[in-house]
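So the chains spell out like this:
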Amino acid sequence: MTTLPDARLFIDGELRDAEGGRTFDVIGPWTGEPVGKAADASAADVEAAIVAARRAFDHTDWSTNIGKRVELVTKLRALFEANRDRLSDLARHEAGAALGAVGRAHVDMALDGWDDYLAVFPQVTWEKDYGTRTGYGFESHRVAVYEPVGVVAAITPWNVPLYVNVGKVVAALLAGCTLILKPAPNTPGMGAIFGELAAEAGFPAGVVNVVFGSDPAMAGEMLVKDPRVDLISFTGSTGVGKRIMEQGAATLKRVFLELGGKSAKIVLDDAPNFAMEVATAMLVFHAGQGCAVQSRLLVPKSRYEEARAILAHGYASFGDNWGEFDNPKHIMGPVVSKRQMDRVMSYIELGIEEGATLIAGGKTRPDKGGGYFIEPTCFADVTNDMRIAREEIFGPVLVLIPFEDDDDAVRIANESDYGLSGGVASGNLDRAMRVARRIRSGSVSVNGGMCIAGDLPFGGYKASGMGREWGLEGIEEFLETKAIAWRVA
Ligand code: NAD
């Protein structure tokens with residue numbers, strides 16, 4: 001029995017089955033059973049989407065008609081609002097969101113971000129006057145014009161699928177691009193709804209296309225290699241991000257990458273509420289499956305034992321208050337898939353082998369159902385050179401690392417391949433800001449400040465990616481700059 005409506009492709013303005021009617025089962029993280037059926041796109045389906053998006057960009061007024069874009073993107077936003085319940089169902093059944101978390105990180109944050117894009121859109125600069133300049137004995141008047149980059153392929157992950165899809169689709173459409181959305185095989189429904197509602201809103205054929213399939217790589221690789229696609233906007237793992245850069249090189253593709261993270265939260269010795277700062281670092285929300293989660297907790301060596309005791313107590317109090325599908329107080333459910341569960345468990349085994357001490361969790365919990373349940377887990381006695389401190393686990397696993405002083409904390413935070421986010425807590429704002437400015441990452445929260453919001457640029461340093469999503473910068477990622485000069489005398 002399936003729970004969700006069938007996920008259908010959307011190509012050239014039509015909701016379609018895949019070529020030959022092929023489908024695949026969408027497996028629910030809570031049960032390990034099918035929760036829906038999705039069309040299994042073939043190479044011919046992907047080709048049709050590319051042709052449609054190219055034609056809509058080259059031969060319609062989409063790229064130049066700003067009023068029409070704002071009107072349709074606003075109309076689409078209203079249709080998403082009317083479908084909030086369905087969006088919640090998709091986040092819960094496909095991505096494994098817990099009922100107490102589904103609003104915040106999944107639906108509310110995504111739709112609020114959509115509103116933020118619409119709010120900042122009037123600030124986009126479409127033309128800039130550079131004035132006149134004399135050269136070669138005559139005068140020229142110069143302007144820069146900013147134009148949509150063309151056909152965009154948005155390749156997205158399963159963890160917060162609505163948020164990431166909105167981050168790319170809305171910005172690309174507002175900028176005047178046409179697009180092909182390619183969601184992950186685990187969350188096709190959260191992509192398909194963009195097609196369904198774009199049809200209802202009356203988007204011109206070919207402006208929005210949605211393709212997905214059981215093969216995680218086929219459609220994405222086609223889009224990356226195709227010369228008719230101008231830009232790849234990718235969110236996902238660093239490994240696939242590197243491959244996209246390599247494969248995109250042949251057509252000198254513009255690539256925009258939002259990749260993994262291993263962000264550090266630094267609690268300084270003067271943090272006014274040390275216990276609260278440590279306890280709120282527990283990695284439980286959405287089972288730790290967030291790219292910007294702070295999965296390394298850095299505390300002063302002098303207060304390490306205190307922090308360990310706070311965490312042991314915190315995890316014990318959290319207890320078994322997670323993993324019930326219908327409990328509105330629960331913010332943690334399963335991890336997304338069997339593959340992800342095996343991966344997280346292999347890191348827990350590795351942590352033990354590396355000599356870290358488990359102070360909470362560490363086991364799977366088949367008693368919670370047929371899905372992919374892993375206990376909230378925390379390791380102490382961790383050094384920053386251990387693999388559990390260096391590699392992204394993408395599960396409910398926190399590591400506790402000591403530091404000597406502020407310089408040492410900054411050194412440890414920065415001794416990472418990644419640089420996506422981070423946090424600093426201190427009773428002295430100047431001190432906290434000095435530390436925050438030295439952290440090499442795309443966002444830093446100081447004393448709990450919200451550094452991730454739809455009107456702020458978000459993205460990574462180093463192996464966490466390149467480019468920025470959200471806010472004005474997020475829309476400008478989809479623009480090209482053209483300089484034009486005319487001779488005046
Ligand atoms: P993934 O890299 O395996 O897959 C992401 C997307 O890429 C999916 O749509 C997948 O089908 C597609 N894909 C897979 N192989 C491909 C290939 N060879 N060519 C083109 N496309 C391909 O990642 P995932 O397992 O879906 O998601 C988890 C990862 O995503 C984590 O590492 C996490 O940190 C990262 N993530 C990052 C952010 C961010 O904003 N930085 C947000 C969410 C998730």
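From a predicted model like this one, the values you see are computed outputs, not experimental measurements.

(A) Molecular detail of helix 1 (residues 43-59). Between its terminal C-alpha atoms helix 1 stretches 24 Å, which fits the 24 Å expected from 17 residues at 1.5 Å a residue. When helix 1 is considered as a whole, its buried residues turn out to be Asp45, Val46, Ala49, Ile50, Ala52, Ala53, Arg54, Ala56 and Phe57. The elements touched by buried residues of helix 1 are strand 1 (9-11), strand 6 (138-148), strand 7 (151-155), strand 8 (178-182), strand 9 (208-210) and helix 7 (218-225). N-cap assignment for helix 1: the residue whose side-chain oxygen lies 3.2 Å from the backbone N of Ala44 is Ser42.

(B) Geometry of the site of the ligand. Lining the immediate environment of the ligand, one finds 28 residues, of which Thr156, Pro216, Ser237, Leu259 and Glu392 sit closest. Contacts to the ligand include Glu392, whose side-chain N or O atom sits 2.5 Å from an oxygen atom. In isolation the ligand has 840 Å² of accessible area, and contact with the protein removes 92% of it. Contributions of two or more residues to the shell around the ligand are made by helix 7, strand 10 (231-235) and helix 8 (238-248). When grouped by side-chain class, the residues that make up the shell around the ligand number 16 nonpolar, seven polar and five charged. Taken domain by domain, the shell around the ligand gets at least three of its residues from each of domain 1 (9-259 + 464-485) and domain 2 (264-453).

(C) Fine view of the domain arrangement of the protein. For the protein, the assigned domains read domain 1 (9-259 + 464-485) and domain 2 (264-453). Each of domain 1 and domain 2 has a C-alpha centre, and these two points are 31 Å apart. Listed per partner, the contact involves 31 residues of domain 1 and 32 residues of domain 2. Here domain 1 packs against domain 2, burying approximately 2,400 Å² in sum over the two surfaces, 62% of which is carbon and sulfur. Of all residues in domain 1, Trp30, Trp158 and Ser464 bury the most surface against domain 2, accounting for 27% of the area lost on that side. Seen at the junction of domain 1 and domain 2, the total is one salt bridge. If you look at where domain 1 meets domain 2, you find nine residue pairs in polar contact (both at pLDDT 80 or more). Residue contributions to the side of domain 1 that touches domain 2 peak at seven residues, all from helix 4 (residues 99-120). By residue class, the composition of the side of domain 1 that touches domain 2 is 15 nonpolar, eleven polar and five charged.

(D) Structural view of the sheet that holds strand 6. Taken in spatial order, the three strands of this open sheet run 5-6-22, and their pairing is antiparallel. Strand pairing shows two members of the sheet lacking a second neighbour, strand 5 (127-135) and strand 22 (479-487), which therefore form its edges. Taken over all neighbouring pairs, the strand axes of this sheet differ in orientation by 25° on average, direction set aside. One ladder, built from nine bridges, connects strand 6 with strand 22; its direction is antiparallel. Opposite Ala144, over in strand 22, you have Ala483 as the bridge partner.

Analysis parameters
- Residues numbered from 1 in each chain as written.
- Predicted model: local features only at pLDDT ≥ 70, side-chain atom pairs only at ≥ 80, totals over all residues.
- Heavy atoms only, no water.
- Helix = DSSP H or I, 4+ residues; strand = E, 2+ residues; numbered from the N terminus.
- Expected span 1.5 Å × (residues − 1).
- Buried < 20%, exposed > 50% of the residue type's maximum accessible area, 1.4 Å probe, protein only.
- Contact = heavy atoms within 4.5 Å.
- Polar contact = N/O pair within 3.5 Å; in protein donor to acceptor, adjacent residues only side chain to side chain.
- Near = heavy atom within 4 Å.
- Areas by Shrake-Rupley, 256 points an atom, 1.4 Å probe, with all protein chains shown as cover.
- Nonpolar A, V, L, I, M, F, W, Y, C, P; charged D, E, K, R; others polar.
- Domains from an automatic or database assignment.
- Buried area = accessible area lost by both parts, 1.4 Å probe.
- Salt bridge = Lys/Arg side-chain N within 4 Å of Asp/Glu carboxyl O.
- Pairing = 2+ DSSP bridges.
- Axes fitted to C-alpha atoms, helices over the stretch in contact; angles between N-to-C directions.

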